[in-house]
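Inside the fold
Given next are the chains, with one letter for each unit.
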Amino acid sequence: AQTVTQSQPEMSVQEAETVTLSCTYDTSESDYYLFWYKQPPSRQMILVIRQEAYKQQNATENRFSVNFQKAAKSFSLKISDSQLGDAAMYFCAYRSGRAGTASKLTFGTGTRLQVTL
Amino acid sequence: AAGVIQSPRHLIKEKRETATLKCYPIPRHDTVYWYQQGPGQDPQFLISFYEKMQSDKGSIPDRFSAQQFSDYHSELNMSSLELGDSALYFCASSLGGFGVGSPLHFGNGTRLTVT
């Protein structure tokens, strides 16, 4: 079974600064997908960024980028120019790439990000 | 763009009562997932459906059942409710099959309180 580990329960960053959230995972599969989801106080689950395991290039979405190290099974999220609206719980998630299935997301335990002035 | 719609948004039930949660996936999405999130916890997978057939089962109590209908909407039925069932219940939808890499899109959740 796949597991996702987020070792930082809480992080804090000043507005306009950069912060990196860590995530490691364990799997025996070679084909899979990794995601970061954001959950603000409203409790919505919002997709931040997605990475295909077969792609070496790190995914980027505006101020959000990942550092995907497949051999190390590491998938960190970098938030640049942090804004107050980035304050939320961030979940790292794994999804199997087996075709023809409805693969579920397996979540890490989350990192709560605080953004200070 | 259309999103995943869940109803009701809030539900208050007493112990031993029954609750039904509904989920309407994004149009053309053929896969529905149900997750339970307790306070301060990560979402826990309950069950999923692909093309109206149960696809995977997680930590879903025997008191709970679910199905996906011909129009792809799904319902989660919860019976003999216990205090510990109080949680936020998310439904998510995605493309399954060969769209397996597509992300899950979550609804706003149903907050169930059991008193």
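All residue numbers here refer to positions counted from 1 along the written sequence of the relevant chain. Lettering of chains starts at A and numbering of ligands starts at 1, both following the order in which they are written. Only residues with pLDDT of 70 or above have their local features reported here, since the model is predicted, and side-chain atom pairs are shown and tallied only from 80 upward, although totals for entire chains, interfaces and linings are computed over all residues. Note that the side-chain values use all heavy atoms of the structure and ignore hydrogens as well as water.

1. Here's the deal with the interface of chain A and chain B
A common way to report how large an interface is uses the accessible area buried once the components associate. So the rule is basically this: The contact definition used throughout considers only heavy atoms, calling two residues in contact when any of these lie within 4.5 Å. In this description, buried area is defined as the sum, over both parts, of the accessible area (probe of 1.4 Å) that is lost when the two are combined. Put simply, a salt bridge is a Lys or Arg side-chain nitrogen that is within 4 Å of an Asp or Glu carboxyl oxygen. Pairs of N or O atoms are called polar contacts if they sit within 3.5 Å, as long as, within protein, a hydrogen donor faces a hydrogen acceptor (for residues adjacent in sequence, only side-chain-to-side-chain pairs). We count a stretch as a helix when DSSP gives it H or I for four or more residues in a row; a strand needs E for two or more, and each element gets its number in order from the N terminus. In this classification, the charged set is Asp, Glu, Lys and Arg, the nonpolar set is Ala, Val, Leu, Ile, Met, Phe, Trp, Tyr, Cys and Pro, and all remaining amino acids, among them Gly, are polar.
Across the contact, 24 residues belong to chain A and 29 residues belong to chain B. For the pair chain A and chain B, the two sides together bury roughly 2,100 Å², of which 57% comes from carbon and sulfur. Linking chain A with chain B are one salt bridge, by the criterion used here. With a shortest N-O distance of 3.3 Å, Lys104(A) and Asp56(B) are connected by a salt bridge. For the pair chain A and chain B, the interface holds nine residue pairs in polar contact (both at pLDDT 80 or more). Among the elements that make up the side of chain A that touches chain B, the one with the highest residue count is strand β5 (residues 32-39) of chain A (four residues). Class assignment for the residues of the side of chain A that touches chain B results in 10 nonpolar, nine polar and five charged.

2. Looking at the state of the cysteines
Residues and elements named next belong to chain A. Put simply, the rule reads: Any cysteine sulfur atom paired with another within 2.5 Å is treated as part of a disulfide.
Under the counting rule described, the total for this entry stands at two disulfides over all chains. Two residues, Cys 23 and Cys 92, share a disulfide whose sulfurs are 2.0 Å apart. With the S-S bond torsion at -70°, the cross-link from Cys 23 to Cys 92 turns out left-handed. In this pair, Cys 23 is assigned in the loop between β3 (19-21) and β4 (24-26) and Cys 92 in strand β10 (residues 88-96), connecting sequence segments 69 residues apart.

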